[in-house]
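Below, each chain spelled out in residue letters.
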Amino acid sequence: MSERAFQEEELIEEDMGTPGREMRIPLLEELEEVVPHRITFVLVLSAFFAVCGSYVFGNAVSYSSPAESGIMDELGLSLAEYSVFGSILTVGGLLGALCSGKIADLIGRRGAMWVTDVSGIVGWCAIFLSESAWSLDLGRLLLGFGVGLASYVVPVYIAEVTPKNLRGGFVSLCMLVIACGMSMTYIIGSVLNWRILACLGTIPCLLQLVGLFLVPESPRWLAKIGREKDMKAALQHLRGKNADISKETSEIEGYIETCQQASEHRILYIFQRKYAKALTVGLGLMIFQQLGGLDAYGFYMSSILERAGASSTAGSITTAIVRLAANIVAVFLMDKFGRRPLLLVSASGACLAGFLIGLSFLLQDYHQSTDVVSTLTFIGIVVFSGFFSLGLGGIPWIIMAEIFPINVKGSAGSLVSMVSWFGSWLVSYTFNYFFEWSSAGVFFAFSGICCSAALFIAKMVPETKGRTLEEIEASMTS
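Quick notes on the rules
For every chain, the first residue of the written sequence is number 1, and numbering continues from 1 onward in sequence order. At least 70 in pLDDT is required for a residue's local features to be given in this predicted model, at least 80 for side-chain atom pairs to be given and counted, and no such filter applies to totals for whole chains, interfaces and linings, which use all residues. Based on all heavy atoms of the structure, the side-chain values leave hydrogens and waters out of the count. Helix numbers and strand numbers start at the N terminus; a helix is a DSSP run of H or I with at least 4 residues, a strand a run of E with at least 2. Computed with a 1.4 Å probe, the accessible areas rest on the Shrake-Rupley method; for each residue, only the protein chains presented here act as cover. A pair is scored as a salt bridge if a Lys or Arg side-chain nitrogen falls within 4 Å of a carboxyl oxygen belonging to Asp or Glu. Throughout this description, buried means an accessible area under 20% of the type-specific maximum (1.4 Å probe, protein chains only), exposed means over 50%, and partly exposed covers the range between. To form a nonpolar core, buried Ala, Val, Leu, Ile, Met, Phe, Trp, Tyr and Cys residues must be joined to one another through side-chain atoms within 4.5 Å. The contact criterion used is simple: two residues touch if any of their non-hydrogen atoms lie within 4.5 Å. The term disulfide is used for any two cysteine sulfur atoms that are within 2.5 Å.

K.L.:
Looking at this structure, I do not really get the overall build of the protein. What am I missing?
P.N.:
Helix and strand counts for the protein stand at 22 helices and 0 strands. Of the roughly 19,800 Å² that the protein leaves accessible, carbon and sulfur atoms contribute 67%.

Written as structure tokens, this is what we have:
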């Protein structure tokens, strides 16, 4: 406790004329609630090396857009072959998500991130050395496996190492760094060859691979596997040498003991009624995130802009800047206004963007002015990028890391991640066909889904700002 707190306590004892025992305990508890944990160097370093995996995620997802013309021209791929290359990342992501919870529970959060790094390095090298479609697809598949695993373990690790008053801002760094990865890939890809772009993709993998040796494992995972001494050491390291961790330690130990008494190592266990609300929220947010058009805009932005007669280069750079700015804003607003308001604003803005793009292609079908069509499409894509990045792009992953109890977090996280990656594959693989069939209709559909997402968020999604993981998880299963 601070010196000021002790002075206030002594003044109260003097005024009341009592030993102060009865007065001191409530006062101490009250002050403990309002004095926040400070940001330590180790905490920042842990988050930094963890979000290198988020950068790889953004890099991998956006790679297919700037590399499209270069790969198709050099290797002679058809549109169908390139569609397979673009969408097979999501197949790898689906496989990575399927085993993400199990891997993270077996070898720890850091161990799981090391697996993502090895998979990412091998995948990028395979793409860099490719001379045919099969090696491209193999590299993209391995890359997808790595980012599928990272999409679960990175936000979970950051959520488990940060205190409640800082958790939202720190976990939202995942969103910001994914946006950085996407933005840098769009910008660099517009001036560099696709092979060099793939080679550069190994850098964050190598950085994380080495950096994780310098940071502690998740205290909650250590407590779960019975390494109590290591858990306390890791928590002390994260909170600072002189920080009082007794209260946080007892909360973690008590909650994990309760969870382990009810733990069953079967995936069907998560379908019990007490987990229904958490599963509904987690799965619902992921379904709306993917069916709202995230990967359609990300993978095929160049094609959409060129169909409307707009500049794909200008569009890619503008959306990259807007996406980055929106994620920076989200980091600062996350713990001030909460998750729900940002999600509601995000879904509403994405709904408007889809409507604008659908309207532009409808006008094109009626042979209206090319300038009007290209301007509306350009505005729609920029609006979508900004609003989606503000909330729906990353907050579902944050909430997923917060709402599931530790005893089912692995199984539930794997299921939610798997559903997300399946939705990603479904949209990325079918978008070109729907776009050819009805360019206006597919965006009106995205708009309607985002509108439904706003209703779902208003009705079902709880606010998790300012609450410990144990408090959130207990409220979701009560």
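And the narrative resumes.
K.L.:
Can you walk me through the pattern of salt bridges in this structure?
P.N.:
Opposite charge on two side chains makes pairing possible when the charged atoms of those side chains draw close. Evaluated as defined, the whole model comprises 11 salt bridges. The residue Arg239 makes a salt bridge to Glu248 at a minimum N-O spacing of 2.8 Å. Its relative accessible area of 2% is what places Arg239 among the buried residues. Where salt bridges share partners, they join Asp105, Arg109, Glu160 and Lys224 into one cluster.

K.L.:
Mind showing me how you'd approach the environment of Val84 here?
P.N.:
Inspection of the secondary structure puts Val84 in helix H4 (residues 79-128). Judged by relative accessible area, which is 33%, Val84 ranks as partly exposed. With 49 residues separating them in the primary sequence, Val84 and Ala133 have C-alpha atoms 9.3 Å apart.

K.L.:
What's the story with the nonpolar core in this structure? I'm lost.
P.N.:
Across soluble globular proteins, nonpolar side chains have a tendency to be buried as a group. Grouped together as the largest cluster of nonpolar side chains are 119 residues, with contacts concentrated most on Tyr63, Ile71, Trp124, Ile158, Phe431 and Phe443. Considering each element in turn, this core owes the most residues, 14 residues, to helix H3 (residues 41-75). Aside from chain neighbours lying at most four places away, what touches Tyr63 is Ile71, Phe85, Trp124, Ile127, Arg140, Thr185, Trp194, Leu197 and Ala198.

K.L.:
I keep staring at the side chain of Ser119 and nothing clicks. Help me out?
P.N.:
Assignment of secondary structure puts Ser119 in helix H4. Judged by its relative accessible area of 10%, Ser119 is buried. Contact partners of Ser119, with chain neighbours within four places excluded, come to Leu142, Leu143, Phe145 and Gly146.

K.L.:
Which parts of the structure should I look at to understand the state of the cysteines?
P.N.:
Put plainly, two cysteines are in a disulfide when a covalent bond ties their sulfur atoms together. Counted according to the given criterion, the structure contains 0 disulfides. Free of any disulfide, Cys52 has its nearest cysteine sulfur in Cys205, 9.1 Å distant. In this structure Cys125 is a free cysteine whose sulfur lies 7.3 Å from that of Cys199, the closest cysteine sulfur available. By relative accessible area, which is 36% here, Cys125 ends up partly exposed.

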